[in-house]
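What follows is each chain in one-letter form.
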Amino acid sequence: MKHPRFFGYGSLVNLKTHSYPQVETATLQGWRRVWKLHHDTNIAFLSVEPHDTTLHGITADVPNADWAALDAREHAYLRRDVSDQFASDTAVYEANPAHTSATNTGHHILLSYLDVVIGGYATLMGAAGPAHFFETTADWAPILDDRTAPQYPRAQPLTDDIRDTVDDALKQLGIKKDRIA
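Residues numbered from 1 in each chain as written. Predicted model: local features only at pLDDT ≥ 70, side-chain atom pairs only at ≥ 80, totals over all residues. Heavy atoms only, no water.

### Description of the overall build of the protein
Here is step 1: Summing up its helical and strand segments, the protein has four helices and 10 strands in all.
Here is step 2: The helix and strand sequence of the protein, counted from the amino end, reads β-β-β-α-β-β-β-β-α-α-β-β-α-β.
Here is step 3: Taking 181 residues into account, the globule formula puts the C-alpha radius of gyration at 16 Å, and the protein, at 16 Å, falls close to it.
Here is step 4: Over its C-alpha atoms, taken along the principal directions, the protein stretches across nearly 50 × 35 × 30 Å.
Here is step 5: Residues counted as buried form 50% of the 181 residues belonging to the protein.
Here is step 6: Residue pairs at least 24 apart in sequence account for 73% of intrachain contacts in the protein once pairs closer than 6 positions are excluded.
Here is step 7: For the protein, the accessible area works out to roughly 8900 Å², and carbon and sulfur atoms hold 49% of it.
Here is step 8: The distance from the centre of the 16 positive side-chain charges to the centre of the 23 negative ones in the protein is 3 Å. (Helix = DSSP H or I, 4+ residues; strand = E, 2+ residues; numbered from the N terminus. Rg over C-alpha atoms; globule rule 2.2 N^0.38 Å. Buried < 20%, exposed > 50% of the residue type's maximum accessible area, 1.4 Å probe, protein only. Contact = heavy atoms within 4.5 Å. Areas by Shrake-Rupley, 256 points an atom, 1.4 Å probe, with all protein chains shown as cover. Lys, Arg positive; Asp, Glu negative; His and termini not counted. Charge placed at Lys NZ, Arg CZ, Asp CG, Glu CD.)

Structure follows, in structure tokens:
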């Protein structure tokens, strides 16, 4: 029996945010990334939803085959079976509707979170990784520029290249950046 795996499509693509074993780049068909508002924090986080898109990301072993521990990290999500696309039992995490509110309700995306995600895509997939992320992610919201005092708990040091990639993409998408008051 093969070790169970999960598909990562956001911060889990940045290998500096975790130490999960046997990481491989992968694709997932029939899903797209979306920003969802966490109703307790009023901050957006990434999720997926069924769609005719193919996502780039990673797969990794579930440590010690312990889904409960991984579910605890991903507590605002529900585990969805996508094993039919992989050679072993594999899941993707989708935001739990019990933790989310309607999109476009004045919420913000933490820039420190987006920087971590794009840093992961750039490291693993080169320039095509961030481009694919921005092309296959929906429900954008204004950005809360927290770079000087990151609020995202897994924030990573930011390189000039990642900063420029993120800033240029946000400008192309016409997404507003708000400063922390």
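### A look at the pairing of strand β3 (residues 43-61)
Here is step 1: Within β3, 14 of the 19 residues are buried, leaving the element largely enclosed by the surrounding structure.
Here is step 2: Bridge count between strand β1 (residues 5-8) and β3: four bridges; the pairing is antiparallel. Counterpart to Arg 5 in the pairing with β3 is Asp 61.
Here is step 3: Two elements, strand β2 (residues 24-38) and β3, share 14 bridges in a ladder whose sense is antiparallel. (Pairing = 2+ DSSP bridges.)

### Quick word on the pattern of salt bridges
Opposite charge on two side chains permits pairing when their charged atoms draw close.
Here is step 1: By the definition in use, this model includes 11 salt bridges.
Here is step 2: Here Arg 32 makes a salt bridge to Glu 49, at a shortest N to O gap of 2.6 Å. Placement of Arg 32 in strand β2 and of Glu 49 in strand β3 is noted, with a sequence separation of 17 residues between them.
Here is step 3: On the basis of relative accessibility, which here comes to 18%, the residue Glu 49 falls in the buried class. (Salt bridge = Lys/Arg side-chain N within 4 Å of Asp/Glu carboxyl O.)

### Focus: the nonpolar core
Here is step 1: Counting residues in hydrophobic clusters, the biggest one holds 49 residues, and the most contacted among them are Phe 6, Trp 35, Tyr 113, Leu 114, Phe 133, Trp 140 and Leu 170.
Here is step 2: In terms of residue count, the dominant contributor to this core is β3 (eight residues). (Core = buried A, V, L, I, M, F, W, Y, C linked by side-chain atoms within 4.5 Å.)

### What about helix α2 (residues 111-125)?
Here is step 1: Here α2 spans 21 Å end to end across 15 residues, near enough to the 21 Å set by a 1.5 Å rise per residue.
Here is step 2: Taken together, the buried positions of α2 are occupied by Leu 111, Ser 112, Tyr 113, Leu 114, Asp 115, Val 116, Val 117, Ile 118, Gly 119, Gly 120 and Tyr 121. (Expected span 1.5 Å × (residues − 1).)

### Things to note about the layout of surface pockets
Here is step 1: Here the largest pocket defines a volume of roughly 580 Å³.
Here is step 2: Lining the largest pocket are 24 residues; nearest its centre among them are Phe 45, Tyr 77, Tyr 113, Tyr 152 and Arg 154.
Here is step 3: Listing elements by their share of the lining of the largest pocket, those giving two or more residues are β1 and β3.
Here is step 4: Per-element tally for the lining of the largest pocket: the top contributor is β3, with four residues.
Here is step 5: Class assignment of the residues belonging to the lining of the largest pocket gives a composition of 14 nonpolar, seven polar and three charged.
Here is step 6: For the second largest pocket, the calculated volume is near 240 Å³.
Here is step 7: As for the second largest pocket, its lining consists of 16 residues, and the residues nearest its centre are Asn 14, Lys 16, Gly 119, Thr 123 and Pro 157. (1 Å grid on protein atoms, 1.4 Å probe; cavity = no way out; pocket = protein on both sides within 12 Å on 5 of 7 lines; lining within 4 Å. Points joined across faces, edges and corners; volume = space filled by probe spheres on them. Nonpolar A, V, L, I, M, F, W, Y, C, P; charged D, E, K, R; others polar.)

### Focus on the side chain of Arg 73
Here is step 1: Following the sequence through the fold, Arg 73 ends up in helix α1 (residues 67-73).
Here is step 2: At a separation of 3.3 Å, a polar atom in the side chain of Arg 73 contacts the main-chain carbonyl oxygen of Thr 17.
Here is step 3: Ignoring anything within four residues of it in the chain, the contact list for Arg 73 reads Ser 11, Leu 12, Thr 17, His 18, Tyr 20 and Arg 154. (Polar contact = N/O pair within 3.5 Å; in protein donor to acceptor, adjacent residues only side chain to side chain.)

### Notes on the side chain of Asn 96
Here is step 1: Along the polypeptide, Asn 96 turns up in the loop between β5 (90-95) and β6 (100-101).
Here is step 2: In this structure Asn 96 touches Ala 76, Tyr 77 and Leu 78, once residues within four positions along its chain are discounted.

Taken by themselves, the reported measurements are silent on function.
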